[in-house]
Amino acid sequence: MVALPKFKAATAVAALLAALLIPFAGAGGAQAADTTTCAPQGTLPVNNGEYTLQANEWNSSLQQCVTSSGGTAWSVSTANFNLGTSGAPATYPSLYKGCHWGACTTGSNLPIQISSLGSATSSWSTVQPASGAYDVAYDLWINSAPTTAGQPDGTEIMIWLNSRGGVQPFGSQTGTSSAAGHSWNVWTGQQTSWKIISYVLQGGGTSFSNLDVKALINDAVSRGSVNPAHYLIDAEAGFEIWQGGQGLATSSFSFNATSGTGGGGGGDTQPPTAPSNLAVSGTTSSSAALSWTGSTDNVGVTGYNVYRGGTLVGTATGTSYTDTGLSASTGYSYTVKAVDAAGNLSAASNSVTATTQAGSGGGGSGSGCAASLAVTNQWNPGFTDTVTVTNRGTSATHGWTVTWTWPNGQQETSAWNAAVSQSGSAVTATNLSYNGAIAPGANTTFGVQGSWSGSNGVPSLSCTAS
């Protein structure tokens, strides 16, 4: 049973334009009227813009409404989802503070570089129905740059305070922790472009006061799941829902983060030595495997940043990394830098070029773009795939279309970040309004969920761009 991370399918501007706002009378004359949105990607400003309430229904077409009741109180006022618990949730209605997919709340103090995070605390009081399948979870997003308008590329930290119906986090349990004065089961996993670490509170609960979120972030750094040179860009708190959902509510919520002396580096200003002997250890038509000799540091190396053509594409805690989602028969240049606990970055390693093999399925190119598909999760009888669309032209695209034919009769059931249709075994995916423009050499991703029987082969993809 796997809970997949959210894929936000609209910018804040588009969501606000799409939102259907329905006012309700308050209980008393002095009480502000409730405000409701029933738009799948609707948003509502909360507490004078300090927070944003987002509907964030991304994996279902059933009606969901969320209602803001004044202050930071809100509820799932309409929902009756019915998804199986072995796949992705239908929705993640949540309150967020900071910069979420480029839309920032006011006065959040975020982003803050992890190595400079002085404190991060939160209090949260919830109402949890006795039926349904859901989790009650924070979602902290960490990115290599101070902000991003797309999918963050660092780490997603989920903090599960409770759950019902047998749902489980993404990945697998890899340890336990006593961070922040509580006992947690720790789950880790790797998506195509970001890491996921989840802390599941043993025993669960409904109300928490002054939870030391920084202690959990520090724990994630110590496990190599978070790069201290990256930035905490936002904090979300809400409910991933598979079944039911109506009646889930937040009575009160706060999240506060400040800059300070750092996350364990103290006054350390000495960078690690540069990694050496960077080499290509193998290639496929869509990936390149790298290895190198590790760096040394006066305090300690916590990880490595991997750069493709000067752009950060991933991080590693060891001395190897595999870059995926590449185009066939294409050369890529790589360097690696080491980072320590204070966020000091080393000089770059030697540069190497990896040339991918000729394509034999799973990737394709066409007019100005290339597309590759990776199976990111699979269970019986379902799967989720991530498709990477890369601009191979010399000017920005205005739109793109990816087509393929399932080799084993797979059936697409839902998608995010693209409009996807299927006729027989033939599938066509086109960009949405916010991700059709791709700069030269840049890429965007979309996801597909579906079912399979017998086998789940990877199709050959074709991509055209305008």
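What you see is a predicted model, and the numbers here were worked out from it, not measured in a lab.

Asks: Got a minute to help me understand the overall build of the chain in this structure?
Replies: Within the chain, the regular secondary structure consists of 2 helices and 35 strands. The buried share of the chain, reckoned over its 466 residues, is 53%. Considering only intrachain contacts with a sequence separation of at least 6, the fraction spanning at least 24 residues in the chain is 70%. As displayed, the chain offers around 17300 Å² of accessible surface, 49% of which is attributable to carbon and sulfur atoms.

Asks: Whenever I open this one, the packing of aromatic side chains confuses me. Can you help?
Replies: In this description, an aromatic ring pair is defined by two values, namely the gap between the centres and the angle between the planes. Per the stated rule, a full pass over the model turns up 15 aromatic pairs. The interplanar angle of 45° and the centroid separation of 5.4 Å between the aromatic rings of Trp74 and Phe239 together place this pair among those described as tilted. Highlighted residues: Trp74 in strand β6 (residues 74–78) and Phe239 in strand β18 (residues 231–245), separated in sequence by 165 residues. Both residues of the pair, Trp74 and Phe239, count as buried. Pairing Trp400 with Phe446 gives two aromatic rings, centres 5.6 Å apart and planes at 15°, and the pair type is stacked. Of the two residues, Trp400 is situated in strand β30 (residues 400–405) and Phe446 in strand β34 (residues 443–451); the sequence distance between them amounts to 46 residues.

Asks: How should I be thinking about the pattern of salt bridges in this particular structure?
Replies: Tallied over the full model, the rule gives 3 salt bridges. Among the salt bridges present, the one from Glu50 reaches Lys97, with a minimum N-O distance of 3.1 Å. Highlighted residues: Glu50 in the loop between β3 (43–46) and β4 (51–54) and Lys97 in strand β8 (residues 94–100), separated in sequence by 47 residues. Its relative accessible area of 21% is what places Glu50 among the partly exposed residues.

Asks: In this structure, what is going on with the nonpolar core? I would like to understand it.
Replies: One recurring pattern in soluble globular proteins is that nonpolar side chains are buried together. Ranked by size, the top nonpolar core spans 49 residues in total, and within it Ile157, Ile159 and Phe255 carry the most contacts. With residues up to four places along the chain from it excluded, the contact list for Phe255 reads Tyr51, Lys97, Leu110, Ala120, Thr121, Ser122, Val213, Leu232 and Ala235. The next biggest cluster of nonpolar side chains, apart from the first, holds 20 residues, and it includes Cys369, Phe383, Trp404 and Ala418.

Asks: Looking at this structure, I do not really get the environment of Ala120. What am I missing?
Replies: Inspection of the secondary structure puts Ala120 in strand β11 (residues 117–127). Given the relative accessible area of 0%, Ala120 is considered buried. C-alpha of Ala120 to C-alpha of Asp212: the two residues are 92 residues apart in sequence and 6.3 Å apart in space. With residues near it in sequence (within four places) discarded, Ala120 still touches Leu211, Asp212, Val213, Lys214, Phe255, Asn256 and Ala257.

Asks: Got a minute to help me understand the state of the cysteines in this structure?
Replies: When the sulfur atoms of two cysteines share a covalent bond, that bond is a disulfide. The final tally for this structure, using the stated rule, is 3 disulfides. The partner cysteine of Cys38 in its disulfide is Cys65, sulfur to sulfur 2.0 Å. Since a negative S-S torsion denotes a left-handed disulfide, the Cys38-Cys65 link at about 105° is right-handed. You can see Cys38 sitting in the loop between β2 (34–37) and β3 and its partner Cys65 sitting in strand β5 (residues 65–68), a full 27 residues away along the chain. By relative accessible area, Cys65 is classed as buried at 5%. Across the disulfide from Cys369 sits Cys463; the S-S distance is 2.0 Å. Looking down the S-S bond of the Cys369 and Cys463 bridge, the torsion is -110°, so its handedness is left-handed. A residue pair is termed long-range when its members are at least 10 positions apart, and Cys369 in strand β28 (residues 369–379) and Cys463 in strand β35 (residues 461–465) qualify at 94 residues. Relative accessible area serves as the criterion here: at 2%, Cys369 is assigned to the buried category. Judged by its relative accessible area of 0%, Cys463 is buried. The connectivity of the disulfides in the chain is 1-2, 3-4, 5-6, where the numbers refer to bonded cysteines in sequence order.

Asks: How should I be thinking about the confidence of the model for the chain in this particular structure?
Replies: For any part of a model where pLDDT is low, the fine detail of the predicted coordinates should not be relied upon. Averaged over all residues, the pLDDT of the chain equals 84, while 89% of them reach at least 70. Low pLDDT, under 50, characterises residues 1–31; the predicted model gives this stretch 96 contacts beyond four residues in sequence or across chains. Contacts of residues 360–366 to residues separated by more than four positions or lying in other chains number 23 contacts, the stretch itself having pLDDT below 50.

Asks: Help me understand the environment of Asn408 in this model?
Replies: When you line up the elements, Asn408 lands in the loop between β30 and β31 (411–416). Using a relative accessible area of 31% as the deciding quantity, one classes Asn408 as partly exposed. Sequence separation between Asn408 and Ser453 is 45 residues, and the spatial gap between their C-alpha atoms is 7.9 Å. With sequence-adjacent residues up to four places away left out, Asn408 is seen in contact with Ser453, Ser455, Asn456 and Gly457.

Asks: Would you mind going over unusual backbone geometry with me for this structure?
Replies: Most peptide bonds are trans, and most residues other than glycine sit at a negative phi. Here the bond from Leu110 into Pro111 is cis, since omega is 10°, no more than 30 degrees from zero. Looking at where Pro111 falls in the secondary structure, it is placed in the loop between β9 (103–104) and β10 (112–113). Phi is positive for Trp101, which is not a glycine, with a value near 50°. When you line up the elements, Trp101 lands in the loop between β8 and β9. Of note, the phi angle at Asn277 is positive, near 55°, even though the residue is not glycine. Residue position: Asn277 is located in strand β20 (residues 276–283). According to the relative accessible area criterion, Asn277 is exposed, its value standing at 55%.

Rules used in this analysis
- Residues numbered from 1 in each chain as written.
- Predicted model: local features only at pLDDT ≥ 70, side-chain atom pairs only at ≥ 80, totals over all residues.
- Heavy atoms only, no water.
- Helix = DSSP H or I, 4+ residues; strand = E, 2+ residues; numbered from the N terminus.
- Buried < 20%, exposed > 50% of the residue type's maximum accessible area, 1.4 Å probe, protein only.
- Contact = heavy atoms within 4.5 Å.
- Areas by Shrake-Rupley, 256 points an atom, 1.4 Å probe, with all protein chains shown as cover.
- Phe/Tyr/Trp six-rings, centres within 6.5 Å; stacked < 30°, edge-to-face > 60°.
- Salt bridge = Lys/Arg side-chain N within 4 Å of Asp/Glu carboxyl O.
- Core = buried A, V, L, I, M, F, W, Y, C linked by side-chain atoms within 4.5 Å.
- Disulfide = S-S within 2.5 Å.
- pLDDT = per-residue confidence, 0-100.

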